[in-house]
Amino acid sequence: MEKENEFLIPVSGLALGVHDFKFDIKDGFFAERDYSEVRQGEVTVNLEVEREETMMTLNFQLEGKVLVTCDRCADEFFIPIQSEQVFYIKFGADEAEESDDVAVVPAEEHAYDVSSLIYEYIILAIPMHRVHPDGECNPKVLEMLSHDEEPSEKEGEMDPRWAALKDVKIEDN
Ligand SMILES: [Zn+2]
């Protein structure tokens, strides 16, 4: 690794108590992950780390926006996201305790990389339904969609191509 990883938080060297970290996520964060479904975004991450004798509690607060494709008109737009997540780092060697929100690391571990957590939390914060606010969809696309819907309303004049398909049964596997 040539580049210094800004997402490493200290573990063994961190004093007991509460410590604040802040990360400004920009487009480059997504570009570095070639499997990322998000390519652009701006997210501010405030991380409060509480260091105790046997564990650390990480409170993440995320707020920002990411570029998504509208489910209705297929134009891209920035959708606001906001999220709070808690993650625990326990000191020890018992990996059986590991889970989605718990990592187990040796107490003498130098640092912990939170970049994957932040990426995961951003993706989780994106709403399932990604639609422009009312009135902001691409009007040309909406008009085309409304024309597409018209023929199905006229029962007697079914497009012959669709008529041929009408009796085809689609079987589930
Ligand atoms: Zn739209």
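Below, the structure is looked at part by part.

## Describing unusual backbone geometry
And then number 1: Of note in the backbone geometry, Ala74 takes a positive phi value of approximately 70 degrees without being a glycine.
And then number 2: Among the secondary structure elements, Ala74 is positioned in the loop between strand 4 (55-69) and strand 5 (76-91).
And then number 3: For Ala74, a count of 11 C-beta atoms within 10 Å corresponds to the exposed category.

## Comments concerning the sheet that holds strand 5
And then number 1: Strand order in the open sheet made by the five strands is 2-3-4-5-6, with mixed pairing throughout. For this open sheet the edge positions go to strand 2 (17-25) and strand 6 (102-105), each flanked by a neighbour on one side alone. For this sheet the average axis-to-axis angle between neighbouring strands, irrespective of direction, equals 20 degrees.
And then number 2: Sheet topology places strand 5 next to strand 6; four bridges connect them, and they run parallel. The partner of Phe91 across the bridge, within strand 6, is Val105.
And then number 3: Packed on one face of the sheet, helix 2 (residues 115-125) meets strand 2, strand 3 (41-51), strand 4 and strand 5 and runs near 135 degrees to strand 5.

## What about the nonpolar core?
And then number 1: Core analysis: the biggest nonpolar cluster contains 20 residues, and Val45, Phe60, Leu62 and Ile122 have the highest contact counts within it.
And then number 2: For this core, the elements supplying multiple residues, two or more each, are helix 1 (27-31), strand 3, strand 4, strand 5 and helix 2.
And then number 3: Per-element accounting of this core gives the leading share, six residues, to strand 4.
And then number 4: Setting aside its immediate chain neighbours within four residues, Val45 contacts Lys22, Phe23, Ile25, Phe60, Leu62 and Ile118.

## Quick notes on helix 2
And then number 1: Listed as buried for helix 2 are Ile118, Tyr121 and Ile122. End-on view of helix 2: buried residues confined to an arc of 100 degrees, all on one side of the axis. Looking at helix 2, the residues exposed on the side facing more than 90 degrees away from the buried face are Ser116 and Leu124.
And then number 2: Where helix 2 is buried, its residues meet strand 2, strand 3, strand 4 and strand 5.

How each quantity is defined
- Residues numbered from 1 in each chain as written.
- Predicted model: local features only at pLDDT ≥ 70, side-chain atom pairs only at ≥ 80, totals over all residues.
- Helix = DSSP H or I, 4+ residues; strand = E, 2+ residues; numbered from the N terminus.
- Buried ≥ 20, exposed ≤ 12 C-beta atoms within 10 Å, placed from the backbone.
- Pairing = 2+ DSSP bridges.
- Axes fitted to C-alpha atoms, helices over the stretch in contact; angles between N-to-C directions.
- Contact = placed C-beta atoms within 7 Å.
- Core = buried A, V, L, I, M, F, W, Y, C linked by C-beta atoms within 7 Å.
- Arc of directions from axis to C-beta.

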